[in-house]
Amino acid sequence: MDRKTDRVWWKEAVVYQIYPRSFKDGNGDGVGDLRGIIDNLDYIQSLGVDAVWLNPIFKSPNDDGGYDISDYYSIQPEFGTMQEFDELLAGLHQRKLKLIMDLVLNHSSDEHVWFQASRKSKDNPYRDYYFWRPGKAGSPPNNWPSFFGGSAWQLDEATGEYYLHLFSKKQPDLNWENPALRNELYQLMKFWLEKGVDGLRLDVISAISKRIDFSDTTTSDFNETIRLKYANGPRLKEFIKEAKDQVWNNYDVLTVGEGPGITPLNALDYLHEKEGLDMIFHFGHMFLDQGKGGRFDPVPWSLKDFKAIFKTWDDTFKDHGWGSVFLGNHDFPRMVSRWGNDTRYWSESSKLLLTLLLTMRGTPFIFMGDEIGMTNISLKSVSESQDIETKTGWLEAKKIGIAERDFLKAANYAGRDNARTPFQWSGLQKAGFTVGTPWMKINPNHARINAGFQDYDPNSVLNYFRRMVKTRKAHPLLTYGSYKPLEGVVDNLFIFLREKGQEKLMILLNFSNDVTILPKEVSVQLNTLLIGNYPDQHVQGELRPWEACVYQC
Ligand code: TEU
Ligand code: CA
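Reading guide: rules and limits
Residues numbered from 1 in each chain as written. Chains lettered and ligands numbered in written order. Predicted model: local features only at pLDDT ≥ 70, side-chain atom pairs only at ≥ 80, totals over all residues. Heavy atoms only, no water. Helix = DSSP H or I, 4+ residues; strand = E, 2+ residues; numbered from the N terminus. Rg over C-alpha atoms; globule rule 2.2 N^0.38 Å. Buried < 20%, exposed > 50% of the residue type's maximum accessible area, 1.4 Å probe, protein only. Contact = heavy atoms within 4.5 Å. Areas by Shrake-Rupley, 256 points an atom, 1.4 Å probe, with all protein chains shown as cover. Lys, Arg positive; Asp, Glu negative; His and termini not counted. Charge placed at Lys NZ, Arg CZ, Asp CG, Glu CD. Expected span 1.5 Å × (residues − 1). Arc of directions from axis to C-beta. Polar contact = N/O pair within 3.5 Å; in protein donor to acceptor, adjacent residues only side chain to side chain. Donors = N, O, S within 2.8 Å, 3.2 Å for Na, K, Ca; no water. Domains from an automatic or database assignment. Buried area = accessible area lost by both parts, 1.4 Å probe. Salt bridge = Lys/Arg side-chain N within 4 Å of Asp/Glu carboxyl O. Near = heavy atom within 4 Å. Nonpolar A, V, L, I, M, F, W, Y, C, P; charged D, E, K, R; others polar.

**What to know about the overall build of the chain**
Okay, step 1: Helix and strand content of the chain: 18 helices and 22 strands.
Okay, step 2: The C-alpha radius of gyration computed for the chain amounts to 23 Å, which stays within 12% of the reference 24 Å derived for 553 residues, consistent with globular compactness.
Okay, step 3: For the C-alpha atoms alone, the extent of the chain along its principal axes is close to 75 × 55 × 50 Å.
Okay, step 4: Residues counted as buried form 63% of the 553 residues belonging to the chain.
Okay, step 5: Within the chain, contacts between residues separated by at least 24 positions form 70% of all contacts whose residues are at least 6 apart in sequence.
Okay, step 6: For the chain, the computed accessible surface area is about 20600 Å², with 52% contributed by carbon and sulfur atoms.
Okay, step 7: Both charge centroids of the chain, one from 65 positive and one from 73 negative side chains, sit 2 Å from each other.

Okay, structure coming up:
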C-alpha cells in the first residue's frame, strides 16, 4: 500500500533550512541563536514557505557544528533556553509554519554521559552503547577511514580498546545492535514529538546498522566505502521499522532520512507509509563533482550527468515513495557558486536554480541564504576555516605533500564553510547579523547581496523566489503532476514537462553563458509565460544566458 496520491502536508510543503549558528544573533555574542530566529519569523513567513528544518540545537561541544550531541534533552546554551525553544515552536505554529528538527542518532558526542560511562571499563553497563574492539598488532581493528580524515577508530587508553567513529573522534558511533540504547533513543524522540515538533531530519540514518564483522574496505573510493561498508547495513530496514512502530507511527510526524550511500536501487527499501521513512535526502548529484578523494578532490561536472541523476531519482520515486529536492545545504558550497554563475550572471543563475528547485517533482528544501543568492566565500588561509572537515582535510592533504594554496582552492570550491557564513540581512557592517564579533567570517559581498536591499527591489532574487513559491502553490501539478524531461536537447539546456489532467507546464533552463536557440518542436508548444527570470519579455525561439522560463503549454 502506498500513499502516492494521498495529500499530506510534507508533499506540498516548501521547506526552509536554517543553520541557527549563522542565521541571526539575538544577544550580541556573535553566534546565531533561537532569539534571532524568533525575531525574524515574519521574514520567514514572508517567503511563503511551509516548514523550517532547523540544524541541531541540542547541547554540544560544537566539535562538528552541533552534530556531536552531549545532551539530547537540553538546548545548546549558546543558542538559548528550552523556554525560547517553546516560544519559537509556538511562533512558527501561530504562522502555520511547521518545525522539522535535526536529530543525530548515528553517533553522540564523546562528552555524552553514556560515552563517559562506556569508556570507564569493559564491564560498564553502558559499554555496549558504543562499538569497542581490540586493535590488531597495535593497529586499529580495520582500515575504515573517517569522513574527517584518519582512521574511523580511536584507541582509548583507559581500557586499551578502540572505539568506532565514522566522523570525528568526538563523535563515537552509537551501537543500535543494543536494544537498551535503541530504547533510550525512542524515549528522546518521544520527548520532542510530545512538544509538538512536526518532523525529524535523521542524520546519517543510512549508517545506523553496522556490519559488525568490521571487515576491511576493499576500495579507495570513499563514496564507494560509504555505500558498501557504512550505509545499507544488514539491520537498517529493521531498525527503521522498529523506530516507526515504537515512535513515529504514534505521531503526525514527517521523517526524512539523510541517506549517504543509499542508491536508486535500494532507496525504496527504506521508504514506506507504515514501516519506513517518508523521504530521504539522496546525494547522487551532490557527489557529482567529487573525485575519488572525496570532497577536496573536485572534478568537473556536466549538466548531462546532472540531468541524468535527476531523471534516475525521479524514476525511483515516480510510483512509490516521495522525492526530496535540494541543491545545497550546510554541508555543501553555495548553489549559485557551484551550479550557477556567481559573477556575471549571479542574479539570473540564482533565480534559475530556485526555479529548478520549485518546479521539480519532490519536496523542495531551500537552504537559508539561497533565496537571496548568497555565494561562496574565499578563505585566505585554512586557519580561517571553522569546519572540522576542512581543518582535518588539510592535515590529511599536508601529509601527502599538497600545498596549502592548492588545498585552499579545493576548499574554497567545495568546503562547508561556504554555506556557514552569517546570513546577510543588510549592507551594514557585519551584515546586520550581529552587533558583536561574528563567530565566522562574513562575506564582504553582503554590501551588495543582502535581504534588506532585495526586499524592496521587485526584480531581486528574493522577490523572484517569493513569486516562484506562489507559482508552485498556484499549480498543484508542480507537486502531484508527472515529470518528463525532454531528451535530445542541446547539452546546456535542461527542459522538462510537468503534467496533470489537462494542464501542462514546460520548464526551460539555460545552464550556460550563451544565447541558445530553442528546438522548433519546443517553441511551438509555448503559450503563456507564467514566470521568467529576465525582467523583460522572453524572446521567442531562444533562451538568453541562464534564462529560466515556466510556460503554460
Ligand atoms: O552529513 C554526513 C554526510 O552524509 C556527508 O555527506 C556530509 O556531506 C558530511 O559533510 C561529510 O562529507 C551529516 C551532517 O549533515 C553533517 O553536517 C555532519 O558533519 C555529519 O552528518 C556527521 O554528523
Ligand atoms: Ca547569540
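**Overview of helix H7 (residues 179-194)**
Count 3.6 residues to each turn of an α-helix, and residues three or four apart come out pointing the same way.
Okay, step 1: Counted at 1.5 Å a residue, the expected span for H7 with its 16 residues is 22 Å, and the 22 Å between its end C-alpha atoms agrees.
Okay, step 2: Within the span of H7, buried status applies to Leu181, Arg182, Leu185, Tyr186, Leu188, Met189, Trp192 and Leu193. Down the axis of H7, the buried set is contained in an arc of 165°. They therefore lie on one face.
Okay, step 3: For H7, the N-terminal cap is Asn178; the gap from its side-chain oxygen to the backbone nitrogen of Ala180 is 2.8 Å.
Okay, step 4: Two residues or fewer past H7, Gly196 is found with a positive phi of approximately 105°.

**Description of unusual backbone geometry**
Okay, step 1: One non-glycine residue with positive phi stands out, namely Ala137, at about 50°.
Okay, step 2: Mapped onto the secondary structure, Ala137 falls in the loop between strand S6 (132-133) and strand S7 (153-156).
Okay, step 3: Taking the relative accessible area as the measure of exposure, Ala137 reaches 85% and is therefore exposed.
Okay, step 4: For Val204, which is not a glycine, the phi torsion comes out positive at approximately 45°.

**Side note on the coordination of the calcium ion (ligand 2)**
Okay, step 1: Protein-derived ligands of the calcium ion (ligand 2) are Asp25 (OD), Asn27 (OD1), Asp29 (OD), Val31 (O) and Asp33 (OD), with the metal-ligand distances lying across 2.2 to 2.4 Å.
Okay, step 2: Each donor residue of the calcium ion (ligand 2) belongs to the same chain, with the gaps between them written as D-x1-N-x1-D-x1-V-x1-D. Val31 carries the same exposure label as Asp25, and that label is buried.

**Topic: the domain arrangement of the chain**
Okay, step 1: Under the domain assignment used here, the chain contains domain 1 (9-108 + 178-380 + 422-462), domain 2 (113-164), domain 3 (381-420) and domain 4 (481-552).
Okay, step 2: Inter-centroid distance (C-alpha atoms) of domain 1 to domain 4 is 29 Å.
Okay, step 3: Across the boundary between the two partners, domain 1 contributes 23 residues, which contact 26 residues of domain 4.
Okay, step 4: Carbon and sulfur atoms supply 71% of the area that domain 1 and domain 4 bury against each other, a total of about 2000 Å² over both sides.
Okay, step 5: Our count for the domain 1 to domain 4 interface comes out at 0 salt bridges.
Okay, step 6: Counting the contacts that link domain 1 with domain 4 gives 6 residue pairs in polar contact (both at pLDDT 80 or more).
Okay, step 7: Counting residues per element, the ones that place at least two in the side of domain 1 that touches domain 4 are helix H10 (303-317) and helix H12 (346-359).

**Some remarks on the site of ligand 1**
Okay, step 1: Near ligand 1 lie 20 residues; those nearest to it are Asp64, Asp203, Asp331, Glu389 and Arg416.
Okay, step 2: Between Arg201 and ligand 1, the recorded distance is 3.0 Å, taken from a side-chain N or O atom to an oxygen atom.
Okay, step 3: Between an oxygen atom of ligand 1 and a side-chain N or O atom of Arg295, the distance comes to 3.0 Å.
Okay, step 4: When ligand 1 sits alone it has 470 Å² of accessible area, and the protein chains cover 97% of it.
Okay, step 5: Its residues assigned to classes, the shell around ligand 1 shows 8 nonpolar, 3 polar and 9 charged.

**Observations regarding the pattern of salt bridges**
Okay, step 1: One pass over the structure, following the stated rule, counts 38 salt bridges.
Okay, step 2: Among the ionic pairs, Asp387 bridges to Arg420, the shortest N-O distance being 3.8 Å. Here Asp387, found in the loop between strand S15 (363-367) and helix H13 (388-399), pairs with Arg420, found in the loop between helix H14 (404-414) and helix H15 (451-456); they are 33 residues apart in sequence, far enough to count as distant. Residues Asp387 and Arg420 agree in their burial class; the two are buried.
Okay, step 3: One salt-bridge network, in which partners are shared between bridges, spans Asp64, Arg295, Asp331, Asp387, Glu389, Arg416 and Arg420.

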